[in-house]
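# Fold and contact review
In case you want the letters, here they are:
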Amino acid sequence: MTASAPVLEVNDLKVYFRMKRKNLFEAHSYIHAVDGVSLKVEFGKTLGIVGESGSGKTTTGLAVARLVKASGGSVKIMGTEVLGLEGEALRIQRKHIQFVFQDPYSSLNPRLRAARLVREALDRMKVGSPTERSKRVNELFGQVGLSREHERLFPHQFSGGQRQRLGIARALASNPDLLICDEPVSALDVAVQAQILNLLRRLQKEMGLTYLFISHDLGVVQHMCDDIAVMYVGKIVEQGDRISLFQNPLHPYTKGLLATVPSADPKRLKKPQIEIFGEPSSPVDPAPGCRFASRCPIAADRCSVETPLLRQIKSNQKVACHLV
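Everything numeric in this text was worked out from a predicted model, so none of it was measured.

Rules used throughout
- Residues numbered from 1 in each chain as written.
- Predicted model: local features only at pLDDT ≥ 70, side-chain atom pairs only at ≥ 80, totals over all residues.
- Heavy atoms only, no water.
- Salt bridge = Lys/Arg side-chain N within 4 Å of Asp/Glu carboxyl O.
- Helix = DSSP H or I, 4+ residues; strand = E, 2+ residues; numbered from the N terminus.
- Buried < 20%, exposed > 50% of the residue type's maximum accessible area, 1.4 Å probe, protein only.
- Pairing = 2+ DSSP bridges.
- Axes fitted to C-alpha atoms, helices over the stretch in contact; angles between N-to-C directions.
- Contact = heavy atoms within 4.5 Å.
- Parallel < 35°, antiparallel > 145°, perpendicular 65-115°, else oblique.
- Left-handed = near helix turned anticlockwise from the far one by under 90°.
- Nonpolar A, V, L, I, M, F, W, Y, C, P; charged D, E, K, R; others polar.
- Phe/Tyr/Trp six-rings, centres within 6.5 Å; stacked < 30°, edge-to-face > 60°.

So, on to the pattern of salt bridges. This model, assessed by the stated rule, comprises 12 salt bridges. One salt bridge connects Asp35 with Arg291, and the closest N-O pair in it is separated by 2.4 Å. On the criterion of sequence distance, the pair formed by Asp35 in strand 2 (residues 30-42) and Arg291 in the loop between helix 10 (266-270) and strand 11 (311-314) is long-range, its members being 256 residues apart. Relative accessible area serves as the criterion here: at 12%, Arg291 is assigned to the buried category. When the shortest N-O distance is used, the salt bridge between Arg136 and Glu139 registers 3.7 Å. Of the two residues, Arg136 and Glu139 both sit in helix 4 (residues 130-143), 3 residues apart, roughly one turn of that helix. One connected set of salt bridges, linked through shared partners, spans Arg119, Asp123 and Arg133.

So, in C-alpha cells, the structure goes:
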C-alpha cells in the first residue's frame, strides 16, 4: 500500500433502526441514525468526527467496525469491501480494524487478568505462535506504559487511565491498520486525558497508525486530528482540515459549536458569535430540507424544502449549506 492510498473509504453509509409499531396496521418508522455519510482517512492520519450527542458519530464508527449492521453504502478497509463479509472472511478482516471504547471499565471482562485480556485477542485471531503471543503481550504492556506487574491484576484494580491504557493495548494486539477511538478520554480526569492523548499520538508516530477519532470535545479534536468532519442528525454538514475548520468555519452549525468553546483571546471575544438555540430535529423519518434549518439563524425558505448536498467550497473544505 502506498502512503497516499486511503486506509478507510466510506461512501454513502446509512444506518437505519426500525421502530416498534404502536399497532399492527401502522407503517414502520425508521431512525435515520447515519444517513449518507462519506469520508476517507489516509494512511497515518487522524480524521475526527464531532457533533452533539445523538448526531450519529458513534453509530458511524460502530458501522465501520461491523459492530452494528449498516443499511446501505460501502465501507472499504485497505481497499477491501467489508460490509458484505461474513463468517471466516469477517473474522480475518477484524485484524485490520479495532475499537477503543468510551468506558474502559465496562468494555473489559472483569473476570480476566490483564494479560489474559490482551492475549485473548491474539488467541482468537490466531496471531503468531503461543510463544510469540506471550512476547507480544509483554511488548504491548510496555508500549502503553504498563509494567509486568500489571499483567497479573484484574480490571477493577486499575485506575481509569490505566484501564484505558489496557484497552488500547488490547486494540493494538492484532497490529490493526485502523483504530477507531470513540470518546476515549471523556470518562477520565483532565490530567489523565492529556496523558492518554499524548500516548495515542506517540503510538501513531511509532507504529504508523491511522485513527478515526470520535469526540464531542473540540479542544481534544483540535489537539489530535488532521482533518475533521462535523455531523448533525446523521449527516456530515462540514468537512475540512483542522486549521481551516477552526480558523474559518463555513457552516452555521460549525460556527455555533466553536462559539461554545471557552476562550481567553480578546480578539475572538469581540467577534460576533452564532448561538444555537432549541433542540435538534428528530431523526425519525426526517422530512426533506436541511436538518439544521429549524435552529439556523440565517435559514432561507429553500432550506426547509431542499436538502443541501455536501459540496466542495475550497480545496480543503466541504460544506452542506445552500447559503455558503
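Backbone-to-backbone hydrogen bonds join strands into a sheet, with any given pair of strands oriented parallel or antiparallel. Taken together, the 8 strands give an open sheet; going across it, the order is 6-7-8-3-9-10-12-11, and neighbouring strands pair in mixed fashion. Each of the sheet's edge strands pairs with one partner strand only, and the pair in question is strand 6 (97-100) and strand 11. Averaged over all pairs of adjacent strands, the angle between strand axes in this sheet comes to 20°, irrespective of strand direction. Pairing of strand 6 with strand 7 (residues 178-182), which is carried by 4 bridges, proceeds in the parallel orientation. Counterpart to Gln98 in the pairing with strand 7 is Leu179. Packed onto the sheet, helix 6 (residues 190-207) meets strand 3 (46-50) and strand 8 (210-214) and runs at close to 155° relative to strand 8. Contacting strand 9 (227-232) and strand 10 (235-241), helix 9 (residues 252-259) crosses the sheet at an angle of about 105° to strand 9.

Turning next to the packing of helix 5 (residues 160-172) against helix 6. It is the contact of helix 5 with helix 6, at a shortest axis distance of 10 Å, that shows an interaxial angle of 20°. Between helix 5 and helix 6, the angle is such that the two are roughly parallel. The chirality of how helix 5 crosses helix 6 is right-handed. Together, Gly161, Gln164, Arg165, Ile168 and Leu172 of helix 5 and Val192, Gln195, Ile196, Leu199, Leu200, Leu203 and Met207 of helix 6 make up the contact between the two elements. Tallied by class, residues from the contact of helix 5 with helix 6 come to 8 nonpolar, 3 polar and 1 charged.

What follows covers the packing of aromatic side chains. With the rule as written, the count across this model stands at 4 aromatic pairs. Ring geometry for Tyr232 against Phe292: centres 5.2 Å apart, planes inclined by 85°, an arrangement best described as edge-to-face. Highlighted residues: Tyr232 in strand 9 and Phe292 in the loop between helix 10 and strand 11, separated in sequence by 60 residues. Classification of Phe292 by relative accessible area gives buried; the value is 1%. One aromatic cluster is present, formed by Tyr232, Tyr253 and Phe292 through successive ring pairs.

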